[in-house]
Amino acid sequence: MAKTAQSAMYRGSVHDFPDFDPNQDAEALYTAMKGFGSDKESILELITSRSNKQRQEICQSYKSLYGKDLIADLKYELTGKFERLIVNLMRPLAYCDAKEIKDAISGIGTDEKCLIEILASRTNEQMHQLVAAYKDAYERDLESDIIGDTSGHFQKMLVVLLQGTRENDDVVSEDLVQQDVQDLYEAGELKWGTDEAQFIYILGNRSKQHLRLVFDEYLKTTGKPIEASIRGELSGDFEKLMLAVVKCIRSTPEYFAERLFKAMKGLGTRDNTLIRIMVSRSELDMLDIREIFRTKYEKSLYSMIKNDTSGEYKKALLKLCGGDDDAAGQFFPEAAQVAYQMWELSAVARVELRGTVCAANDFNPDADAKALRKAMKGIGTDEATIIDIITHRSNAQRQQIRQTFKSHFGRDLMADLKSEISGDLARLILGLMMPPAHYDAKQLKKAMEGAGTDEKALIEILATRTNAEIQAINEAYKEDYHKSLEDALSSDTSGHFRRILISLATGNREEGGENRDQAREDAQEIADTPSGDKTSLETRFMTVLCTRSYPHLRRVFQEFIKMTNYDIEHVIKKEMSGDVKDAFVAIVQSVKNKPLFFADKLYKSMKGAGTDEKTLTRVMISRSEIDLFNIRREFIEKYDKSLHQAIEGDTSGDFLKALLALCGGED
């Protein structure tokens with residue numbers, strides 16, 4: 001297995017300034033800072049238009065001409081985030097990294113995220129320069145300082161990375177790849193406990209090309225990506241460090257695109273992270289980061305910076321960014337290949353779906369029925385017992401308890417529960433007691449009855465259920481409400497939205513694998529629709545998205561990216577509106593990554609003022625035995641907090657206790 005040659009093309013956004021004159025630039029900066037106030041526009045324009053090497057020459061010229069330190073003068077004249085950004089640009093990269101690490105380990109507490117970001121992403125040469133710069137700037141040994149401020153396996157891996165001794169072999173040994181796969185598997189999945197030393201040795205020393213092949217073979221051998229094993233076997237900062245290393249091995253630009261997105265999403269901006277990345281990557285791989293950012297998040301890095309920052313700080317960051325990939329002609333052709341490779345990886349991955357609720361061992365329906373009767377008998381109700389039993393039994397076991405309860409006591413368990421508990425807890429417990437198809441049928445009925453329609457609930461259920469689940473829902477709806485689901489949808493919705501829902505409600509989606517030739521035709525069919533022809537576009541999308549199998553649709557999405565340089569979701573959001581847009585987006589997101597789709601639903605149900613208890617309850621019930629464990633993983637990966645924490649901070653009382661029991665653990 002030979003190492004693939006990598007393009008030597010420059011991928012930074014900042015270049016050497018033509019006709020550069022360091023004396024002239026030094027004079028211009030001196031003039032900009034002379035007198036009352038400073039000309040910040042001139043300062044940012046000049047400094048962001050010069051390469052780091054040229055900035056060092058300007059510093060030297062400034063000292064020669066005026067006997068003053070340029071960085072000290074800039075610190076004096078500028079303030080806040082803008083000052084931090086400009087001063088960081090004036091330092092050599094290694095000294096900039098050294099300053100960031102010094103700040104991360106100084107004072108009370110440690111900024112582990114900063115340590116992880118720098119040490120997981122730098123090359124051997126950059127690591128050696130960092131160690132030397134730290135020694136020169138602070139007259140201290142970086143390794144000793146890190147050892148003094150960290151501990152355990154986290155510390156050991158940081159020290160290994162700090163050596164800058166990762167292998168750089170041009171040829172990869174297939175035998176060694178297989179051996180490393182086996183060693184990692186035996187150190188984690190096959191071992192009681194975890195042999196962290198093996199993970200540290202292999203991930204800290206092997207070459208990037210070697211490790212990429214190890215990750216591919218690990219997936220084929222174990223059926224799960226290496227990231228899933230790391231999350232299952234490691235914990236805390238050590239887990240985060242190892243995941244960062246894996247991300248950087250796979251794609252350093254993608255790692256930084258994700259870091260930038262997280263730095264700006266939600267309320268507030270993590271300016272230290274934003275500044276550090278924009279400075280450190282501006283002459284390395286900013287164009288690659290921009291491409292991946294545009295593909296992965298369907299917005300340009302430029303537009304996100306523009307909307308999230310202000311003033312001269314914003315102007316300087318946008319200069320470093322180097323261009324807006326949402327502007328006409330700015331979306332790089334290379335982005336299609338990056339996106340295509342990302343899809344290829346996701347298509348190979350076969351992640352095992354896991355619920356958080358499973359059948360109880362030593363199940364005794366007789367004992368459970370008696371315990372529930374006792375919990376509801378007499379004055380008061382023992383909610384704790386009800387929650388404990390119902391959230392720790394599978395749905396099939398709950399149906400046995402219902403039957404046993406009726407046989408023993410001649411009473412309907414559902415009716416008794418309804419009379420004893422109320423509010424959000426009642427909706428959750430009663431929902432858990434219903435067979436899944438009947439529960440979904442009831443949710444659909446509620447979404448369509450009364451004034452107004454809950455289109456989001458209709459979309460969530462019909463866009464995400466399998467054929468078998470849809471067919472079971474149809475039967476349950478007919479049995480419970482003496483009316484077909486199709487008739488109900490027809491009378492309560494209209495237009496293209498109704499057609500989409502009815503198509504989904506037939507449960508006739510193709511099953512099986514992909515057909516590459518057909519996928520290209522399907523992608524071409526959608527891509528060829530004239531812009532502005534909304535009716536034709538919606539019809540063509542429905543024909544493909546509502547009928548093709550999930551594996552086939554993944555291939556269609558890949559082919560669409562190759563043809564157009566755009567993700568299909570971006571086109572839907574741009575060309576469509578209202579419920580039709582929401583339905584198609586839900587289908588696409590479900591096809592791409594269903595657990596992530598539900599993680600987003602859960603996050604949105606709890607963010608901001610107030611809680612959408614209906615959505616929260618519906619998702620927790622419907623996914624608890626299917627993929628709630630995977631949803632938890634996606635939640636913490638995307639939102640930097642666990643689902644357990646989000647629920648704990650947004651609900652209360654017995655409802656909280658029941659939800660946490662379904663959640664199944666703290667990640």
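Keep in mind the model is a prediction, meaning the values are calculated, not measured.

Description of the overall build of the protein
1) Next: Scanning the protein for helices and strands turns up 39 helices and 0 strands.
2) Next: The C-alpha atoms of the protein give a radius of gyration of 29 Å, which matches the 26 Å a tight globule of 667 residues would have.
3) Next: Considered along the principal axes of its C-alpha atoms, the protein spans approximately 95 × 60 × 60 Å.
4) Next: Expressed as a percentage of the 667 residues in the protein, the buried residues total 51%.
5) Next: Counting only contacts in the protein whose residues sit at least 6 apart along the sequence, the fraction spanning at least 24 positions is 73%.

Section: helix α14 (residues 226-233)
For an α-helix, 3.6 residues make a turn, and residues three or four places apart therefore share a direction.
1) Next: Every buried residue of α14 is accounted for by I226, E227, S229, I230 and R231.
2) Next: Here the buried face of α14 lies against α11 (174-187), α12 (196-205), α13 (208-222), α15 (236-264) and α37 (628-639).

Some details on the packing of aromatic side chains
1) Next: Here the structure, examined in full by the defined rule, presents 16 aromatic pairs.
2) Next: Among the aromatic residues, ring-to-ring pairing joins Y30, Y62 and Y66 into one connected group.
3) Next: Here the basic side chain of K445 rests over the ring of Y481, its NZ or CZ set 5.4 Å away from the ring centre.

Remarks on a positive patch on the surface
1) Next: A grouping of K418, K442, K446 and K614 is seen on the molecular surface, where their side chains present a positively charged patch.
2) Next: Tracing the chain through its elements places K614 in helix α36 (residues 613-623).
3) Next: With relative accessibility at 59%, the residue K614 sits in the exposed group.

Remarks on the packing of helix α5 (residues 80-90) against helix α19 (residues 311-321)
1) Next: At a minimum axis separation of 8 Å, α5 and α19 run at an interaxial angle of 35°. With respect to the hand of their crossing, α5 and α19 are arranged in left-handed fashion. Residues K81, F82, L85 and L89 of α5 form the contact with α19, whose own contacting residues are E312, Y313, A316, L317 and L320.
2) Next: When the residues that make up the contact of α5 with α19 are grouped by side-chain class, the tally is 7 nonpolar, no polar and 2 charged.

Looking at the confidence of the model for the protein
1) Next: Residues with a pLDDT of 70 or more make up 93% of the protein, whose mean pLDDT is 90.
2) Next: Within the model, pLDDT remains below 50 along residues 1-7, and this stretch shows 11 contacts once partners closer than five positions in the same chain are excluded.

Looking at helix α38 (residues 643-650)
1) Next: Every buried residue belonging to α38 is among L643, H644, A646 and I647, and all of these are buried. Buried residues of α38, viewed axially, fall in a sector of 165°; they line one side.
2) Next: If you follow the buried residues of α38, they end up packed against α35 (578-606), α36, α37 and α39 (653-663).

Some remarks on the packing of helix α31 (residues 516-527) against helix α33 (residues 550-564)
1) Next: With their axes 8 Å apart at the nearest point, α31 and α33 run at an angle of 55° to one another. Put simply, α31 runs oblique to α33. For α31 against α33, the interelement crossing comes out right-handed. The residues of α33 that touch α31, namely those facing R516, Q518, A519, R520, D522, A523, Q524, I526 and A527, are H552, R555, V556, E559, F560, M563 and T564.
2) Next: Among the residues forming the contact of α31 with α33, the class breakdown is 7 nonpolar, 4 polar and 5 charged.

Examining the environment of L659
1) Next: Relative to the helices and strands, L659 is located in helix α39.
2) Next: Given the relative accessible area of 0%, L659 is considered buried.
3) Next: The spacing of L659 and L428 is 231 residues in sequence and 8.3 Å in space, taken between C-alpha atoms.
4) Next: Apart from residues no more than four positions distant in its own chain, L659 is found in contact with L428, L616, M620, I647 and T651.

Remarks on the state of the cysteines
1) Next: The final tally for this structure, using the stated rule, is 0 disulfides.
2) Next: With no disulfide partner, C59 has as its closest neighbouring cysteine sulfur the one in C96, 13 Å distant.
3) Next: Among the residues examined, C59 registers a relative accessible area of 17% and is labelled buried.
4) Next: With no disulfide partner, C358 has as its closest neighbouring cysteine sulfur the one in C663, 14 Å distant.

Quick word on unusual backbone geometry
1) Next: Non-glycine residue D19 carries a positive phi angle of around 55°.
2) Next: Relative to the helices and strands, D19 is located in the segment before α1 (22-33).

Describing the pattern of salt bridges
Opposite charge on two side chains makes pairing possible when the charged atoms of those side chains draw close.
1) Next: A complete count under the given rule lists 47 salt bridges for this structure.
2) Next: Note that R548 and D522 form a salt bridge whose closest N and O atoms lie 2.8 Å from each other. In this pair, R548 is assigned in the loop between α32 (534-545) and α33 and D522 in helix α31, connecting sequence segments 26 residues apart.
3) Next: Taking relative accessible area as the criterion, R548 reaches 14% and is therefore assigned buried.
4) Next: Among the salt bridges present, the one from R623 reaches D627, with a minimum N-O distance of 3.0 Å.
5) Next: Residue classification places R623 among the buried residues on the basis of a relative accessible area of 3%.
6) Next: Residue classification places D627 among the buried positions, given a relative accessible area of 1%.

Cut-offs applied
- Residues numbered from 1 in each chain as written.
- Predicted model: local features only at pLDDT ≥ 70, side-chain atom pairs only at ≥ 80, totals over all residues.
- Heavy atoms only, no water.
- Helix = DSSP H or I, 4+ residues; strand = E, 2+ residues; numbered from the N terminus.
- Rg over C-alpha atoms; globule rule 2.2 N^0.38 Å.
- Buried < 20%, exposed > 50% of the residue type's maximum accessible area, 1.4 Å probe, protein only.
- Contact = heavy atoms within 4.5 Å.
- Phe/Tyr/Trp six-rings, centres within 6.5 Å; stacked < 30°, edge-to-face > 60°.
- Lys NZ or Arg CZ within 6 Å of the ring centre and 35° of its normal.
- Patch = residues over 30% accessible without salt bridge, like charges linked within 9 Å, V, L, I, M, F, W, Y side chains within 5 Å.
- Areas by Shrake-Rupley, 256 points an atom, 1.4 Å probe, with all protein chains shown as cover.
- Salt bridge = Lys/Arg side-chain N within 4 Å of Asp/Glu carboxyl O.
- Lys, Arg positive; Asp, Glu negative; His and termini not counted.
- Charge placed at Lys NZ, Arg CZ, Asp CG, Glu CD.
- Axes fitted to C-alpha atoms, helices over the stretch in contact; angles between N-to-C directions.
- Left-handed = near helix turned anticlockwise from the far one by under 90°.
- Nonpolar A, V, L, I, M, F, W, Y, C, P; charged D, E, K, R; others polar.
- pLDDT = per-residue confidence, 0-100.
- Arc of directions from axis to C-beta.
- Parallel < 35°, antiparallel > 145°, perpendicular 65-115°, else oblique.
- Disulfide = S-S within 2.5 Å.

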